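# Close look at the chain arrangement
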Amino acid sequence: MKYASEEKEGPAAEQTAGPAASAPEQSEQAGRRAAGSGHPAAPHDEQQGTRNKVARSILDHGPSTAAELALRLELTQAAVRRHLDALAAEGVVEPREKRVYGTRGRGRPARAFALTDCGRDAFDQAYDQLATDALRWIAQSAGGGEKGEAAVAAFARARLAAQAEGYRKEVEAAEPQARTEALAKALTADGYAATARSAPNPQLGEQLCQHHCPVAHVAEQYPQLCEAETEVFSRLLGTHVQRLATIAHGDGVCTTFVPKAGAGKAAHRTPRTTKTTTASASTAGRNPA
């Protein structure tokens, strides 16, 4: 293919590190596996691998022109421009006017390409570790033990307070029977990939499911984050809710049971004439699944 003659990669093009769990890196790994097995890597994998190197070079050296990248990676400028166009279309890089110090020459200034916030997020970040360290410091500063746990819980509630106000507008604008769905949509807009669905027994209530949790790794050590979130759901929906599962504890989905209004009272009004009826009444609000 055309790329094969243009993209001659040398030692300088070797990548020491790349985006953690990003699509470009996975494609490059697939290419290496194919090479190790005696099968040539697909052209698409090769292109993705080179794009990953272009992005990494910009991360390491700052905003760069196509000429600078071509020299650095031992590629032709035409090949680099194609990769930059693809990265820009994906929102990984953006062009900007190259800053010139001193007297500017004639002609249009060269365009430099810089990583966008999305592009930077694809590389290794230490946000989880930073958050964990901060919560540990809060707990220790409060004296550790129960006082430390209470301080972390207070922080978790304060953190969610402003976030909850945005959700409140969406929930209160919805009809009572559609408020769980409204909360799910608001959570999805914040990156939680949430849905609302009927519980196994639809007469008792429904389930709010979060298929993604941005703070799952931190919540493994500090469950106060999950507890504060559950409290917020309860206040927003105006009923006692029950957290059945969390991603932080190893479950596939964060699941919260939301009882229907009056479901518990109806269960308790049911005559307890048989053992089955009694069992149903006593567990209606505790274990809907």
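Residues numbered from 1 in each chain as written. Predicted model: local features only at pLDDT ≥ 70, side-chain atom pairs only at ≥ 80, totals over all residues. Heavy atoms only, no water.

## Quick word on the pattern of salt bridges
Note on pairing: side chains with opposite charge can pair once their charged atoms come close. Defined as follows: We count a salt bridge whenever a side-chain nitrogen from Lys or Arg sits within 4 Å of a carboxyl oxygen from Asp or Glu. Counting from the N terminus, the helices are the DSSP runs of H or I reaching at least four residues and the strands are the DSSP runs of E reaching at least two. Summary of the burial criterion: residues with accessible area below 20% of their type's maximum are buried, those above 50% are exposed, and those between are partly exposed, where the area comes from a 1.4 Å probe applied to protein chains only.
Tallied over the entire structure, the rule returns 7 salt bridges. The closest approach of N and O atoms between Arg168 and Glu165, which form a salt bridge, is 3.4 Å. You can see Arg168 and its partner Glu165 sitting in helix H8 (residues 145–172), 3 residues apart, about one turn around the helix. Glu165 sits in the partly exposed class, given a relative accessible area of 42%. When the shortest N-O distance is used, the salt bridge between Glu172 and Arg168 registers 3.9 Å. Residue Glu172 and its partner Arg168 are located together in helix H8, separated by 4 residues, close to a single helical turn.

## A few points about the environment of Ser234
Note the threshold: Residue contacts follow a heavy-atom distance rule, with two residues in contact if any of their heavy atoms lie within 4.5 Å. Polar contacts, as counted here, are pairs of nitrogen or oxygen atoms within 3.5 Å of one another; within protein the pair requires one atom able to donate a hydrogen and one able to accept it, and residues that are adjacent in sequence qualify only if both atoms are side-chain atoms.
Position of Ser234 relative to the elements: it lies in helix H11 (residues 224–237). Separated by 24 residues in the primary sequence, Ser234 and Val258 have C-alpha atoms spaced 8.5 Å apart. The contact partners of Ser234, leaving out residues within four places of it in the chain, are Thr239, His240 and Val241. For Ser234, the side chain forms a polar contact with the main-chain oxygen of Thr239, separated by 2.7 Å.

## Some thoughts on the packing of H8 against helix H9 (residues 179–189)
For clarity, the threshold we go by: Every axis corresponds to a line fitted to the C-alpha atoms, with the helix fit spanning only the stretch in contact, and the corresponding angles, defined between N-to-C directions, vary from 0 to 180 degrees. Crossing handedness is read from the near helix: turned anticlockwise from the far helix by less than a right angle, it gives a left-handed crossing, and turned clockwise, a right-handed one.
Where H8 contacts H9, the two axes come as close as 8 Å, and the packing angle between them is 140 degrees. Considering how the two elements wind past one another, H8 and H9 form a crossing that is right-handed. Facing H8, whose interface residues are Tyr167, Glu170, Val171 and Glu172, H9 presents Arg179, Ala182, Leu183, Ala186 and Leu187.

## Notes on empty space enclosed by the protein
To keep things clear, this is the line we draw: Only protein atoms enter the calculation, which uses a 1 Å grid: trapped sets of points that fit a 1.4 Å probe without letting it out are cavities, open sets showing protein on both sides within 12 Å along at least five of seven lines are pockets, and any residue with an atom within 4 Å of a point is a lining residue. Grid points are joined across faces, edges and corners, and a volume is the space filled by probe spheres set on the points. The residue classification treats Ala, Val, Leu, Ile, Met, Phe, Trp, Tyr, Cys and Pro as nonpolar and Asp, Glu, Lys and Arg as charged. All others, Gly included, are polar.
This structure, assessed with the given rule, holds 2 cavities of 30 Å³ or more. For the largest cavity, the full set of lining residues is Arg159, Leu160, Tyr192, Cys213, Val215, Leu225, Cys226, Glu229, Arg243 and Cys254. Broken down by secondary-structure element, the contributors of at least two residues to the lining of the largest cavity are H8 and H11. At 3 residues, H11 tops the list of elements feeding residues into the lining of the largest cavity. The volume enclosed by the second largest cavity comes to roughly 40 Å³. Take the lining of the second largest cavity: its biggest share by element is 4 residues, from H8. The residue inventory of the lining of the second largest cavity, partitioned by class, reads 7 nonpolar, 1 polar and 1 charged.

Bear in mind that shape data such as this cannot, by itself, settle questions of function.
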